[in-house]
Protein chains: 2
Amino acid sequence: MRYHKIPDETVRRLPMYLRGLLLCREQGVRDVSSRKLSELLHISPAQIRKDLSYFGAFGTPGVGYDTAKLAKQIRGILKIDTPNKAALVGLGNLGSALLKYPGFGAYGLQISAVFDNDPGKIGKIVKKVKVEDVSKLSTLKNKNIKLGIIAVPASAAQSVADALVKAGIRGILNFAPFYLDVPKKVKVITIDIAMVLARLPYYLPASA
Amino acid sequence: MRYHKIPDETVRRLPMYLRGLLLCREQGVRDVSSRKLSELLHISPAQIRKDLSYFGAFGTPGVGYDTAKLAKQIRGILKIDTPNKAALVGLGNLGSALLKYPGFGAYGLQISAVFDNDPGKIGKIVKKVKVEDVSKLSTLKNKNIKLGIIAVPASAAQSVADALVKAGIRGILNFAPFYLDVPKKVKVITIDIAMVLARLPYYLPASA
DNA sequence: AGTTGTGAACTTATTCACAGCC
DNA sequence: GGCTGTGAATAAGTTCACAACT
């Protein structure tokens, strides 16, 4: 299967597999079958095997997957085997929460630059990172930072995205409820939290 | 098309259409074609028409869709035409940001109950909502709150989910990196922020 | 016996293309 | 002329089922 195009959905699931494997490791489990992983993540065993097969043959028939080895492989595929630095733009409520969020470390991600346009925030040091003026975004070029996180209001999101692209950013995680127009070479993933929550009432039973 | 099963992907896009329509309304646009909406949201015109057709015929050939009328229809479909109250569990960094997040209003969503297990937070009033002890989750039953937001560490997420379900919650937005085991009647949507960010390096060009 | 890896079958989702309408 | 609504065609994604391996 190694020469096929990789489905987007497969890439979306890879971090989940990694999460499951880390959970196994914590519990001292050395080998895990696609069925056991399936119980943990609620993704079908066939799906797991198929997804992994796009990248190679990592398992042992009759045994399963070596948790440490497979985790390493997946990190390599996702390119998170070496640390990735990210720049955060917008130190409002959400931005501050992201800066303090402890979950990024498990995936080798680190927010190592922060920008805001509020003079009251610029210059402050939060989580060992100095808050800089958004006009200084271009300085990212010299810092080997390829990932950006946008946590500003929708009205400012596009101009921030433009500045990030100009500064050499190649991947953007966008929390603003707005479609960002960027060059094809830049990958954008948008999380619109309100929009996700807005989907839930649809599934509520009719009788309130 | 009215009698088909609705694809999940269609439901996922409905809030986007609503966002596009609100944007049009702000600009004073009365009617919008699927093509104009497409340019705004980057969803194909055919996709937009097909999605809407599952629920009825809302447009006028030669003209497009009346923005106000269609917005109202979509709100009805999503059941957000009347306000929906949500309970937030976990007032850490992320929980606090969510409580202050201004974006929910546009979708008729309101966080009207907050729970935490930190004695230092219980009793405080944030954004006009009094923080209660998580052990009081069962009181939700009397408050007609059907939506829950979980913003607690992964280790506590399942027990919080159990309590929410017991308290009559039927829809959960989960930010903990953990698969939640709940009865089929309860809809869970999980956002694992770190996992989403972890996908970006994959798309970076090989040469750093 | 137990599990992987994978082509084939199936299911789901998207796009095409055009009749019908304004 | 321009647009919607939709069946038909296409593409994408998932599951089946089993040969091959430990």
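Being a predicted model, the structure only gives us computed values, none of them experimental.

This next bit is on the overall build of chain A. The helix and strand inventory of chain A stands at eight helices and nine strands. The principal-axis extents of the C-alpha atoms in chain A amount to approximately 60 × 55 × 35 Å. Across the 208 residues that make up chain A, the buried fraction comes to 47%. In chain A, the proportion of contacts linking residues at least 24 apart, taken out of those at least 6 apart, comes to 56%. Surface exposure of chain A reaches about 10200 Å², of which carbon and sulfur atoms provide 52%.

In this section: the side chain of Thr 67 of chain B. Residue and element names in this part refer to chain B. Assignment of secondary structure puts Thr 67 in helix H4 (residues 67-78). Thr 67 gets classed as buried once you look at its relative accessible area, which sits at 1%. Those residues in contact with Thr 67 that sit more than four places away from it in its chain are Leu 21, Cys 24, Arg 25, Val 29, Arg 30 and Val 32.

Moving on, we come to the domain arrangement of chain A. What the domain assignment lists for chain A is domain 1 (8-78) and domain 2 (84-196). A separation of 30 Å is found between the C-alpha centroids of domain 1 of chain A and domain 2 of chain A.

Attention now moves to the protein's contact with DNA strand C. Residues in contact with DNA strand C amount to 28 residues; listed here are only the nearest, Ser 34, Arg 49, Gly 59 and Tyr 65 of chain A together with Arg 13 of chain B. Of all DNA strand C atoms lying within 4 Å of any protein atom, the proportion belonging to sugar or phosphate reaches 61%. At a separation of 3.1 Å, a sugar or linking oxygen of DNA strand C approaches a polar side-chain atom of Gln 47 of chain B. Contributing elements (two or more residues each) for the surface near DNA strand C: helix H2 (34-41) and helix H3 (45-53) of chain A together with helix H1 (8-26) and helix H3 (45-53) of chain B. The element that contributes the greatest number of residues to the surface near DNA strand C is H3 of chain B, accounting for four residues.

What follows deals with the protein's contact with DNA strand D. Every one of the 25 residues lining DNA strand D counts as a neighbour, but Arg 13 of chain A together with Ser 34, Arg 49, Gly 59 and Tyr 65 of chain B are closest to it. Of everything in DNA strand D that lies within 4 Å of the protein, sugar and phosphate atoms constitute 61%. At 3.1 Å from a sugar or linking oxygen of DNA strand D is found a side-chain nitrogen or oxygen belonging to Gln 47 of chain A. Between a base nitrogen of DNA strand D and a side-chain N or O atom of Arg 49 of chain A, the distance comes to 3.3 Å.

An α-helix turns once every 3.6 residues. As a result, residues three or four positions apart point the same way. All of the buried residues in H3 of chain B are Ile 48, Asp 51, Leu 52 and Ser 53 of chain B. Structurally, H3 of chain B contributes buried residues whose contacts are with H1, helix H2 (34-41), strand E2 (65-66) and H4 of chain B.

All right, on to the environment of Val 186 of chain B then. All names here are of chain B. With respect to the helices and strands, Val 186 occurs in the loop between strand E8 (171-174) and strand E9 (187-190). Looking at Val 186, the relative accessible area reads 6%, which means it is buried. Note: C-alpha distance between Val 186 and Leu 147 (39 residues apart in sequence) is 9.8 Å. Not counting residues within four places of it along the chain, the set of residues in contact with Val 186 comprises Val 165, Ile 169, Arg 170, Gly 171 and Ile 172.

Time to look at the interface of chain A and chain B. Facing 57 residues of chain A, the contacting portion of chain B comprises 57 residues. Taken together, the two surfaces of chain A and chain B that pack against each other cover about 5800 Å², and 74% of this comes from carbon and sulfur. Between Arg 19 of chain B and Asp 192 of chain A there is a salt bridge, with its nearest N and O atoms 3.4 Å apart. Linking chain A to chain B there are 10 residue pairs in polar contact (both at pLDDT 80 or more). Sorting elements by how many residues they give to the side of chain A that touches chain B places helix H1 (residues 8-26) of chain A first, with six residues.

Now for the relation of the copies chain A and chain B. Note on the copies: chain A fits chain B at an RMSD of 0.0 Å, the axial shift is 0.0 Å, and the rotation between them is 180°. Between the two chains, the operation in question is that of a two-fold axis.

About the criteria used
Residues numbered from 1 in each chain as written. Chains lettered and ligands numbered in written order. Predicted model: local features only at pLDDT ≥ 70, side-chain atom pairs only at ≥ 80, totals over all residues. Heavy atoms only, no water. Helix = DSSP H or I, 4+ residues; strand = E, 2+ residues; numbered from the N terminus. Buried < 20%, exposed > 50% of the residue type's maximum accessible area, 1.4 Å probe, protein only. Contact = heavy atoms within 4.5 Å. Areas by Shrake-Rupley, 256 points an atom, 1.4 Å probe, with all protein chains shown as cover. Domains from an automatic or database assignment. Near = heavy atom within 4 Å. Polar contact = N/O pair within 3.5 Å; in protein donor to acceptor, adjacent residues only side chain to side chain. Buried area = accessible area lost by both parts, 1.4 Å probe. Salt bridge = Lys/Arg side-chain N within 4 Å of Asp/Glu carboxyl O. Least-squares fit on C-alpha atoms with pLDDT ≥ 70 in both.

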